[in-house]
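Structure assessment
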Amino acid sequence: MEQGKIWLSSPHMGGTEQKFVNEAFEANWIAPLGPNVTGFELDIESYLTNGKDEESSIHVAALSSGTAALHLALILLGVEQGDEVICQSMTFAASANPIMYLGATPVFIDSERDTLNLCPVQLENAIVDRMANGKKPKAIIAVHLYGMPYKIDEVKQVADKFEIPIIEDSAEALGSSYKGKKCGTFGEIGILSFNGNKIITTSGGGALIANKKSIKQKAIFLATQARDDAPHYQHTEIGYNYRLSNISAGIGRGQMQVLDEHVGLRRKMNEFYQDTFSTIDGVTVFSEPNSDYFCNNWLTIISVNEKITGKNREDFRLFMEGLNIECRPLWKPMHLQPVFEKMPYYGNGIAEELFETGLCLPSGSNLTEEDRKRLELGINEFFKA
Ligand SMILES: *Cc1c(COP(=O)(O)O)cnc(C)c1O
């Protein structure tokens, strides 16, 4: 008999989402905007400042997707046709696509091994080289891949040295922090995603995080068709339809109530994998480099050393698929993607190697003890046979 599918990461409702959605129905507040949108923004602001900051220095605009948030972040930083924007190569395509929407050129950068994220050394090499070619990059998109904070101090040092703003792609890292400060609050502008498989979901949605109220207001202006202050519809700028709906925001409010609990459960999944692989030579479970890092463990990642195990990650993936268990290769680096292969790239082959050897394992906060037994059996059967 085939057992139920174990997914990589699936939506996990907490229970109060429906209450907020019902309130929206009862008030007939189905349109974009409304009390849930404002409430959701306040919930996120309070969360990102660890509840400390009443007179908040963090300003959140709820949007229709993380991709929309990145698109607006680039516009707000003045990126235009012909500009160059630096972007981590190993990431989801949504980090890089908005650069193309604007007719700008992405310049891709390799990963370092500690966090899998933007390599500060290659970052500096790239900036120096692009400037020697006559173009200073307009922005740096740095990603906290799989929830692991990038090397925040080192990357910021390089960015500050050349005075280039950072867009912090925190789509996978809500709930992560570095030296006690929440991810999403480090960049000039940060972004979040609430897509279906992220750590919390609104069925689809995102947010832009600004350190100034004026940036948030400008983001909302652009996200609501850039309508000027006039009784008729008047426009002096190009606008977008990127605001989150009051219904989706209701789901988000419920999800915020269980966020920390879900982070705890994902971290438990990571510990489970650390334990399970501790007796298998040649498989590394990625974990925080030191205690400055706190990872939400959105997805747990392993790296399979074929020389030691005699097996490769693709055979393992297929084996698990045969057990109705979903595993997935890491994001294929952008500089290896057909659509981006002509774009400049600075690196040393680390992202390629991570892509060849790495695998994402089921990590959802809703996995059960029974699921973990099936995972453990599968892992042991494959690697110890
Ligand atoms: C999911 C994701 C995005 C895009 O968010 P959407 O809400 O799906 O548009 C951007 N960057 C990264 C790294 C992501 O994982």
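What comes next is a walk through the structure.

All told, the structure shown has two cavities of 30 Å³ or more when counted by the stated rule. In this structure, the largest cavity occupies an estimated 100 Å³ of space. As for the second largest cavity, its lining consists of S10, P11, H12, G196, K198, I199, I200, T201, Q255, H262, R266 and S365. Split into classes, the residues belonging to the lining of the second largest cavity amount to three nonpolar, seven polar and two charged. When residues of the lining of the second largest cavity are sorted by domain, at least three fall in each of domain 1 (17-257) and domain 2 (260-383).

The next thing to look at is the site of the ligand. Surrounding the ligand, one finds 15 residues, the nearest of these being T67, D169, E172, S193 and K198. In the environment of the ligand, an oxygen atom lies 2.5 Å from a nitrogen or oxygen atom belonging to the side chain of E172. In the environment of the ligand, an oxygen atom lies 2.8 Å from a nitrogen or oxygen atom belonging to the side chain of N195. Bound to the protein, the ligand loses 95% of the 380 Å² it would expose on its own. When each cavity is represented as a set of grid points, the ligand is found to reside in the largest pocket. Looking at the shell around the ligand residue by residue, the classes come out as four nonpolar, eight polar and three charged.

Further remarks concern the sheet that holds strand β14 (residues 345-346). Spatially, eight strands are ordered β1-β9-β8-β5-β4-β2-β3-β14 in an open sheet, and the strand pairing comes out mixed. The open sheet is flanked by β1 (59-63) and β14, the only strands paired with a single partner. Summarising the sheet, strand β3 (residues 105-109) and β14 pair through two bridges and their orientation is parallel. Residue F108 lies in a different strand from β14, and its bridge partner there is Y345.

Rules and cut-offs
Residues numbered from 1 in each chain as written. Predicted model: local features only at pLDDT ≥ 70, side-chain atom pairs only at ≥ 80, totals over all residues. Heavy atoms only, no water. 1 Å grid on protein atoms, 1.4 Å probe; cavity = no way out; pocket = protein on both sides within 12 Å on 5 of 7 lines; lining within 4 Å. Points joined across faces, edges and corners; volume = space filled by probe spheres on them. Nonpolar A, V, L, I, M, F, W, Y, C, P; charged D, E, K, R; others polar. Domains from an automatic or database assignment. Near = heavy atom within 4 Å. Polar contact = N/O pair within 3.5 Å; in protein donor to acceptor, adjacent residues only side chain to side chain. Areas by Shrake-Rupley, 256 points an atom, 1.4 Å probe, with all protein chains shown as cover. Sits in = over half its atoms within 2 Å of the grid points. Pairing = 2+ DSSP bridges. Helix = DSSP H or I, 4+ residues; strand = E, 2+ residues; numbered from the N terminus.

Function-wise, these values are silent; they only describe arrangement.
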